[in-house]
Each structure stands twice: as C-alpha cells, then as structure tokens.
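Structural overview
What follows is each chain in one-letter form.
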Amino acid sequence: DCFAMILGFSRRIFVAFCRDEKLPTLLHGHVEAFAYHDGFCEKLVYDNQTTVTLGRLHGQPLWNPRFLEFARHYGFEPWACKPADPKRKGKIERPFPWIEDDFLKAREFSSWDDLGAQARVWLDTVANVRLHSTIHRKVDEAYAEEKPLLIRLPAAPFPTGRREVRKVAVDATVAVDGSFYPVPERLIGQYVAVRVYPSRVEIADDD
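What you see is a predicted model; the values in this text were computed from it and never measured.

Procedures and definitions
- Residues numbered from 1 in each chain as written.
- Predicted model: local features only at pLDDT ≥ 70, side-chain atom pairs only at ≥ 80, totals over all residues.
- Heavy atoms only, no water.
- Core = buried A, V, L, I, M, F, W, Y, C linked by side-chain atoms within 4.5 Å.
- Buried < 20%, exposed > 50% of the residue type's maximum accessible area, 1.4 Å probe, protein only.
- Helix = DSSP H or I, 4+ residues; strand = E, 2+ residues; numbered from the N terminus.
- Contact = heavy atoms within 4.5 Å.
- Patch = residues over 30% accessible without salt bridge, like charges linked within 9 Å, V, L, I, M, F, W, Y side chains within 5 Å.
- Areas by Shrake-Rupley, 256 points an atom, 1.4 Å probe, with all protein chains shown as cover.
- Salt bridge = Lys/Arg side-chain N within 4 Å of Asp/Glu carboxyl O.
- Pairing = 2+ DSSP bridges.
- Axes fitted to C-alpha atoms, helices over the stretch in contact; angles between N-to-C directions.
- Arc of directions from axis to C-beta.
- Polar contact = N/O pair within 3.5 Å; in protein donor to acceptor, adjacent residues only side chain to side chain.

As a further point, take the nonpolar core. If you look at soluble globular proteins, the nonpolar side chains tend to sit buried side by side. Core analysis: the biggest nonpolar cluster contains 35 residues, and Ile13, Val15, Phe34, Phe67, Phe76 and Leu123 have the highest contact counts within it. Mapped by element, the contributors of at least two residues to this core are β1 (2-6), β2 (13-17), α1 (23-37), β3 (43-46), α2 (65-74), α4 (95-104) and α5 (112-127). When residues in this core are grouped by element, the largest group, six residues, is from α1. Apart from residues no more than four positions distant in its own chain, Ile13 is found in contact with Ala4, Met5, Ile6, Tyr36, His37, Pro95, Ile99, Leu123, Ala127 and Asn128. Listed in part, the eight residues of the second largest apolar core include Val174, Val176, Leu187 and Val194.

Here we take up a nonpolar patch on the surface. On the surface, a nonpolar cluster with roughly 290 Å² of combined accessible area is contributed by Leu54, Leu57 and Leu62. Tracing the backbone through its elements, the reader meets Leu57 in strand β4 (residues 53-57).

With that settled, the discussion passes to the sheet that holds strand β12 (residues 191-196). If you walk across this open sheet you meet the three strands as β9-β12-β13, and the pairing is antiparallel. Of all the strands in the sheet, the pair left with one neighbour each is β9 (162-167) and β13 (201-204). Between one strand and the next, the sheet's axes are offset by a mean angle of 25°, whatever the strand orientation. Here β9 runs beside β12; their pairing, made up of six bridges, is antiparallel. By the bridge assignment, Glu164 is partnered in β12 with Val194.

Our focus in this paragraph is unusual backbone geometry. Glycine aside, residues mostly have negative phi, and peptide bonds are mostly found in the trans state. The backbone of His136 sits at a positive phi, close to 55°, despite the residue not being glycine. Mapped onto the fold, His136 is located in the loop between β7 (131-132) and β8 (137-138).

Let us now look at α2. Among the residues of α2, Arg66, Phe67, Phe70, Ala71 and Tyr74 are the ones counted as buried. Considered in projection along α2, the buried side chains sweep an arc of 140° and stay on one side of the axis. For α2, the exposed residues set more than 90 degrees away from the buried face come down to Pro65 and Arg72. Where α2 is buried, its residues touch α1, β3, β5 (60-63), β6 (77-80), β9 and β12. Between the side-chain oxygen at the start of α2 and the backbone nitrogen of Arg66 there is a gap of 3.0 Å, and the oxygen is on Asn64. The positive-phi residue at the C-terminal boundary of α2 is Gly75, with phi of around 90°.

Okay, α4 next. Those residues of α4 that fall on the buried side of the exposure criterion are Pro95, Ile99 and Phe103. Angularly, the buried residues of α4 cover 45° about the axis, an arc narrow enough to put them on a single face. After α4 finishes, the residue Ala106 shows a positive phi value of roughly 65°.

See the structure below:
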C-alpha cells in the first residue's frame with residue numbers, strides 16, 4: 001500500500017509504502033509526512049475511508065475517535081469529502097499513476113527500509129523539484145513560500161503504535177504478530193503493555 005500526503009498550494013508530496021491500511025499505520029504515515037514537510041496545514045482533506053470516518057449521521061461524518069484524538073493533538077481540522085464526489089480528491093488521486101510509472105515500475109529493493117529510503121531520494125530529486133503542470137511553478141520554489149505558513153509540529157509526537165496487553169511466556173518472550181521478543185526473566189507470567197509501530201515494537205512493564 002502507498003500512503004501519500006500533498007500540500008495544496010505548492011503540491012509538495014510525501015509518500016510512504018506500508019504493509020497494511022490499518023489506523024496505526026495511517027497515523028504513523030501522517031507523523032512521517034508532517035516531519036518531512038516540517039509542518040502541516042490547518043485543514044486536511046480525506047476520503048471516507050473507515051480508518052478515518054465510521055459513516056455519516058444527518059450528512060455529517062462520524063469521526064473515528066482515535067483519529068479525532070490524533071487530529072486534536074496536532075491541532076488540525078479534518079474534512080471529509082462527500083461520497084461520490086471525485087472532483088474533491090483530484091490533487092491526491094492524480095499522482096498515484098505517476099508514482100507507479102515514474103518510481104515503482106521495474107524498481108528493485110531489498111527491504112521495506114530500502115524502499116522507503118529510495119522513495120525519499122525520489123521525492124527530493126524528482127517529485128518535489130519538478131515543474132508542476134498545474135501551478136506552472138517548480139514545487140520546491142512554491143514550497144519555500146508555503147513553509148512559513150504551515151503549523152509547527154508539537155513538542156511530542158502522537159503515540160501512533162497499536163496498543164495491546166500480552167502475557168510473558170515461560171521462556172521470557174512476548175509473542176507479537178508471529179514474532180517472539182525477549183524480555184527480562186523477572187517478568188515471566190506477568191502482563192506487559194505492548195505498542196506496535198511499523199518499524200519497531202515497544203514492551204513496557206509497570207515500572
């Protein structure tokens with residue numbers, strides 16, 4: 001799966017490749033995009049994916065509570081497109097065929113980390129320095145004007161990891177998604193808090 005976020009004025013884009021489309025992965029993609037753009041806009045526009053909205057009531061979106069908590073942490077206003085309204089999503093939908101043709105086709109990579117590193121080089125040397133056909137400007141030059149107006153990042157990022165509670169096995173390991181992570185033997189038989197990120201797993205006891 002490919003996550004993308006684009007700035008509406010400059011058309012500066014961020015992309016990341018993910019194993020799934022679950023909410024923790026979506027939120028982690030946001031955090032990476034905010035860091036890449038060094039800020040974010042006051043309003044972010046979304047399609048009606050279930051990770052963001054749970055449906056509509058009297059025409060108004062019912063936001064996923066966890067996603068709304070994330071939006072409030074950063075201080076942006078989420079805005080959901082009306083169903084069957086493709087014109088609202090052109091800025092973000094049009095780049096995907098281009099990403100596939102210009103970046104992904106015939107590309108080789110050894111791991112998810114390698115693919116992510118190659119994507120970052122492509123963003124910095126191709127995607128975000130090109131002359132954009134819609135705004136008729138180079139993306140990086142337009143971004144230089146837009147950057148001072150973006151909302152600054154908060155002091156602490158939102159904890160995007162999936163949160164679970166697991167019991168430590170007799171061999172002092174914790175099972176997470178088919179892998180086993182070692183912990184101190186003193187925790188055998190106890191329950192520990194687990195937070196699962198796309199690139200790491202954190203395990204914490206009561207201390």
